[in-house]
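# Working through the structure, step by step
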Amino acid sequence: MPGTSTPTGTRATRMLGVVTLAFTVWLVVFGLVVSAEDVVQGSTVRMMYVHVPSIWVAYVAFALTAVVSAVYLSGKNRSLAWDRVAGASAEIGVLFVAISLITGSLWGRLTWGTYWVWDARLTSTAFLFITYIGYLAVRGLGGSFRQRARRSAVLALLAVLEIPLVHFSVVIWRSLHQESTVANSGTDVELDGLMLFTLFLGIVTFTMLFAWMVLHRQRALALQDAVDSHGLDLAIKQRQQEAEVR
Amino acid sequence: MSDTYTATPSLLKVARTIMIKDLRTEVNSRVILNQVAPFSVVIMILFAFALDNDGILQRVAPGLVWLATMFSMLVVVQRTFAVETADGALDALRVAGVDTRALFLGKSVALGVQLCALDVVLVATAFFLYNVQLELSGLLVVFVTVLLACIGLGFIGTLYGGLAAGARGRETLLPLLLLPVVAPVLIGATRATEAGFNSGGAEVSEGWPWSGLLLIFAVIFGVVGSVAFGPLIDE
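Residues numbered from 1 in each chain as written. Chains lettered and ligands numbered in written order. Predicted model: local features only at pLDDT ≥ 70, side-chain atom pairs only at ≥ 80, totals over all residues. Heavy atoms only, no water.

Scanning chain A from terminus to terminus reveals six helices and zero strands. Counted from the first residue to the last, chain A has its helices and strands arranged as α-α-α-α-α-α. Its C-alpha atoms give chain A principal-axis dimensions of roughly 80 × 45 × 35 Å. A total of 246 residues make up chain A; the buried ones form 38% of that total. Within chain A, contacts between residues at least 6 apart in sequence are counted, and of these 80% link residues at least 24 apart. About 13,500 Å² of surface is accessible on chain A, with carbon and sulfur atoms providing 66% of the total. Of the side-chain charges in chain A, 19 are positive and 15 negative, and the distance between the mean point of each set is 12 Å. (Helix = DSSP H or I, 4+ residues; strand = E, 2+ residues; numbered from the N terminus. Buried < 20%, exposed > 50% of the residue type's maximum accessible area, 1.4 Å probe, protein only. Contact = heavy atoms within 4.5 Å. Areas by Shrake-Rupley, 256 points an atom, 1.4 Å probe, with all protein chains shown as cover. Lys, Arg positive; Asp, Glu negative; His and termini not counted. Charge placed at Lys NZ, Arg CZ, Asp CG, Glu CD.)

Spelled out as structure tokens, the structure:
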């Protein structure tokens, strides 16, 4: 109806939003006040509570994009809802990779003395960022919704193949970055208990934020598709009326 | 009863026909010879202006050869698919029932052959302008590297060229999609060519493992591309 707005939220998303907000406040307090400074890095280490959860969310987002793309391509009933979830997830993934690259650069400047080093993980992440910008560009190519869905679903699956290949080749090209310290039990670096808790709190908070954003964004995309489709219907109707007048 | 029987040509036979068609189009138009090859040589000359040091040029010559290949490839891929989409030729092939795997294979090999020809020019340019050392054993490594890299680039170029074909703004979209994917080829081919050229003290034998990487890459994108190409161009 003209003049009314269609909300993208439901009771469940509003509840999720409130819980996410509460967790965000908890994370800010723990990240900036409660958790201790690092012996070597001082307060700089607090960048970790944004940097690591951001890249975690980006990986989750791109994995979700790939999974729902595969579901779309394999399903007999190819619902466009899968395509919209893939698109929403990729958009948010790109946003979080950007946050991760920016916070990583700032952290690198403070700890390594440089914004960028050509090591395997940073370079692969930059490629990841560019690849999904390309994916979003393909989604904006135009054509029918079905064309968009098929093209982008295939591209999302190609990206799943491309990313490990790029990563592998860059790893053997050069590697200076420290190994993952939390996930890799082979290293002797230990995080303080409260720091570790704050890090996991960050991961949980960012994951909830991602879920909330995807739910809203895919509904916004559905509304956008409905508007585009409505515009097309109107145009067809106008042409039909023109033909009748003649 | 009529004894007519319409034989479906084999996939390889169709692919071969497509490849010959693409190469014949190139031979007739001579775009690679008259435009792309001079363009790639100009890139090599501009690199020399930018770096302005004989020693550095000799050291980085393998990377420059492959960078020039990547940039030239963008032009060749765009040209290949512009020819196909201009008169709806790609749609006509699809309507004619041409197997998309054969289409992919034929176009990829044709693209690979064109890139190989281009790389012969680029390696020769590096030899004469950058003064690189090229002995017989090194030449073999460079030859295999060019062959494997161009096969891989042919597959990737065709796959992503097909995706961007017919799209608005494909000239700007193709580099964005293609260049990140070819990064492993750039790394592998540069290192293998470094060994072939003896750049930076690299031994010739060091080039073979990198050629192996190029082979793996070509096989993966050959298999995946033949599956994915159909849905990508099926509009």
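On we go.
Compared with the 39 Å implied by 1.5 Å per residue over 27 residues, the 37 Å span of helix 9 (residues 207-233) of chain B between its first and last C-alpha is a close match. Its axis deflected by about 40° at Gly 225 of chain B, helix 9 of chain B carries its strongest bend there. (Expected span 1.5 Å × (residues − 1). Bend = angle between axes of the 7 residues up to and from the residue.)

Residue and element names in this part refer to chain B. Interhelical geometry of helix 2 (residues 31-51) versus helix 5 (residues 100-129) gives an angle of 35° and a closest axis separation of 10 Å. The element helix 2 and its partner helix 5 pack so that their crossing is right-handed. Across the interface between the two elements, Ile 32, Val 36, Ala 37, Ser 40, Val 41, Met 44 and Ile 45 from helix 2 touch Gln 114, Leu 118, Val 121, Leu 122, Thr 125, Ala 126 and Leu 129 from helix 5. Classifying every residue of the contact of helix 2 with helix 5 by side-chain character gives 11 nonpolar, three polar and no charged. (Axes fitted to C-alpha atoms, helices over the stretch in contact; angles between N-to-C directions. Left-handed = near helix turned anticlockwise from the far one by under 90°. Nonpolar A, V, L, I, M, F, W, Y, C, P; charged D, E, K, R; others polar.)

On average, residues of chain B score 87 in pLDDT, and 95% of them are at 70 or above. Across chain B, the element-wise mean pLDDT spans from 83 in helix 4 (residues 89-95) of chain B up to 93 in helix 5 of chain B. (pLDDT = per-residue confidence, 0-100.)

Residues and elements named next belong to chain A. A full pass over the atoms with the stated rule returns 12 aromatic pairs over all chains. With centroids separated by 5.4 Å and ring planes inclined at 65°, the aromatic side chains of Phe 23 and Trp 26 adopt a geometry described as edge-to-face. Here the residue Phe 23 and the residue Trp 26 both occupy positions in helix 1 (residues 11-34), the gap between them amounting to three residues, near one helical turn. Among the residues examined, Phe 23 registers a relative accessible area of 22% and is labelled partly exposed. Under the relative-accessibility criterion, Trp 26 is labelled partly exposed at 34%. On the numbers, 5.9 Å between centres and 75° between planes, the contact of Trp 116 with Trp 118 is edge-to-face. (Phe/Tyr/Trp six-rings, centres within 6.5 Å; stacked < 30°, edge-to-face > 60°.)

Residue and element names in this part refer to chain A. Residues Val 25, Trp 26, Val 28, Val 29, Leu 32, Val 33, Val 34, Leu 194 and Phe 197 make up a contiguous nonpolar surface patch of about 770 Å² in total accessible area. Top contributing element to the nonpolar patch by residue count: helix 1, with seven residues. Relative to the elements of secondary structure, Phe 197 occurs in helix 6 (residues 193-245). (Patch = residues over 30% accessible without salt bridge, like charges linked within 9 Å, V, L, I, M, F, W, Y side chains within 5 Å. Salt bridge = Lys/Arg side-chain N within 4 Å of Asp/Glu carboxyl O.)

This brings us to the interface of chain A and chain B. Contacts between chain A and chain B engage 24 residues on the former and 25 residues on the latter. Of the roughly 2,200 Å² buried between chain A and chain B, counting both surfaces, carbon and sulfur atoms make up 77%. The interface formed by chain A and chain B includes zero salt bridges. There are one residue pair in polar contact (both at pLDDT 80 or more) connecting chain A and chain B. (Buried area = accessible area lost by both parts, 1.4 Å probe. Polar contact = N/O pair within 3.5 Å; in protein donor to acceptor, adjacent residues only side chain to side chain.)

In total, this model carries 12 salt bridges over all chains according to the counting rule given. Taking the shortest distance from any N to any O, the salt bridge between Glu 84 of chain B and Lys 107 of chain B comes out at 2.6 Å. Here Lys 107 of chain B lies in helix 5 and Glu 84 of chain B lies in helix 3 (residues 54-86), a separation of 23 residues in the sequence. The pair Glu 84 of chain B / Lys 107 of chain B is uniform in exposure class, with both members buried. Residues Glu 194 of chain B and Arg 191 of chain B are paired through a salt bridge, measuring 3.2 Å at the closest nitrogen-oxygen approach. Of this pair, Glu 194 of chain B and Arg 191 of chain B both sit in helix 8 (residues 183-197), three residues apart, which is roughly one turn of that helix. Beyond isolated ion pairs, a larger network of salt bridges with shared partners links Asp 83, Arg 84, Arg 139, Arg 148 and Asp 225 of chain A.

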